[in-house]
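Each chain, letter by letter, is given below.
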Amino acid sequence: MRRKDREVQSLDEIFDILNRCDTVRIAFQGDKYPYVVPVSFGTELVDGKVIVYFHCAREGMKLELLKANPQVCVEGDIFIRTETTDHGITTRYESVIGIGTCRIVENEQEIKHGLKVLTEHYGYRDYSLDRCRALEYLYVMKIVLDKITGKRNLPTAGDK
């Protein structure tokens with residue numbers, strides 16, 4: 001990372017940033033170009049590894065690309081604002097980037113767990129998955145991140 005002064009080194013802080021993201025973008029390796037898609041997600045920290053769950057339809061570009069190469073990149077960010085400085089205009093933000101392996105969750109208990117992690121991320125802590133009729137139409141996907149980094153450029157104390 002070029003700007004070491006903006007690097008977030010603590011895994012707990014990086015995980016906190018990721019938890020505050022509304023959406024993550026997942027990059028898949030395409031035939032000729034990368035393919036990036038925004039997804040709703042949930043995340044958890046297990047044995048020092050960040051795990052990201054998301055869901056998708058049972059057919060489509062994501063699945064085709066994952067079958068060819070399950071290695072992905074995950075990006076999440078929180079835009080705070082732009083402002084002028086002595087050097088020009090800067091953006092205040094927090095962000096994470098992780099790389100890992102994505103797979104379809106096949107175990108029913110883990111499917112429900114992944115969906116619970118996802119629904120809780122959006123504030124539905126008591127949502128009963130028995131109400132979810134879409135389970136037969138979707139896959140729950142799990143990404144175990146092998147590496148994750150964080151970066152931030154927060155407003156200083158004197159900033160408005």
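The rules we used
- Residues numbered from 1 in each chain as written.
- Predicted model: local features only at pLDDT ≥ 70, side-chain atom pairs only at ≥ 80, totals over all residues.
- Heavy atoms only, no water.
- Pairing = 2+ DSSP bridges.
- Helix = DSSP H or I, 4+ residues; strand = E, 2+ residues; numbered from the N terminus.
- Phe/Tyr/Trp six-rings, centres within 6.5 Å; stacked < 30°, edge-to-face > 60°.
- Buried < 20%, exposed > 50% of the residue type's maximum accessible area, 1.4 Å probe, protein only.
- Arc of directions from axis to C-beta.
- Salt bridge = Lys/Arg side-chain N within 4 Å of Asp/Glu carboxyl O.

Draft legend 1. Spotlight on the pairing of strand β3 (residues 34-39). With six bridges connecting them, strand β2 (residues 24-29) and β3 associate as antiparallel partners. Looking at the pairing, Phe-28 lines up with Tyr-35 of β3. A loop of four residues connects β2 with β3, the two strands running antiparallel in sequence.

Draft legend 2. Examining the packing of aromatic side chains more closely. Within this structure, the stated rule accounts for one aromatic pair. Considering the side-chain rings of Phe-28 and Tyr-35, the 6.3 Å spacing of their centres and the 40 degrees angle between planes classify their relative orientation as tilted. Take Phe-28: its relative accessible area is 2%, and that puts it in the buried class. Exposure remark for Tyr-35: the relative accessible area of 30% places this residue in the partly exposed category.

Draft legend 3. Layout of the environment of Ser-128. With respect to the helices and strands, the residue Ser-128 is situated in the loop between α3 (108-121) and β8 (138-153). In sequence terms Ser-128 and Lys-116 are twelve residues apart; their C-alpha atoms lie 8.7 Å from each other.

Draft legend 4. Quick look at the pairing of strand β4 (residues 42-46). Where β4 and strand β5 (residues 49-57) come together, five bridges link them in antiparallel fashion. When the bridges of β5 are listed, Leu-45 appears paired with Val-50. The antiparallel pairing of β4 with β5 creates a hairpin that spans two residues between the two strands, and Asp-47 there sits at a positive phi of about 50 degrees.

Draft legend 5. Local environment of helix α2 (residues 61-68). All buried positions along α2 are accounted for by Lys-62, Leu-63, Leu-65 and Leu-66. One face of α2 carries all of its buried residues, which in axial projection span an arc of 165 degrees. Opposite its buried face, α2 presents the exposed residues Glu-64, Lys-67 and Ala-68, each directed more than 90 degrees away.

Draft legend 6. Spatial organisation of the pattern of salt bridges. The tally for this structure, following the rule as stated, stands at twelve salt bridges. We note a salt bridge from Glu-94 to Arg-20, for which the minimum N-O separation is 2.9 Å. With Glu-94 in strand β7 (residues 88-104) and Arg-20 in helix α1 (residues 11-20), this residue pair connects regions lying 74 residues apart in the sequence. It is possible to trace a salt-bridge network through shared partners that takes in Glu-13, Asp-16, Arg-20, Glu-94 and Arg-152.

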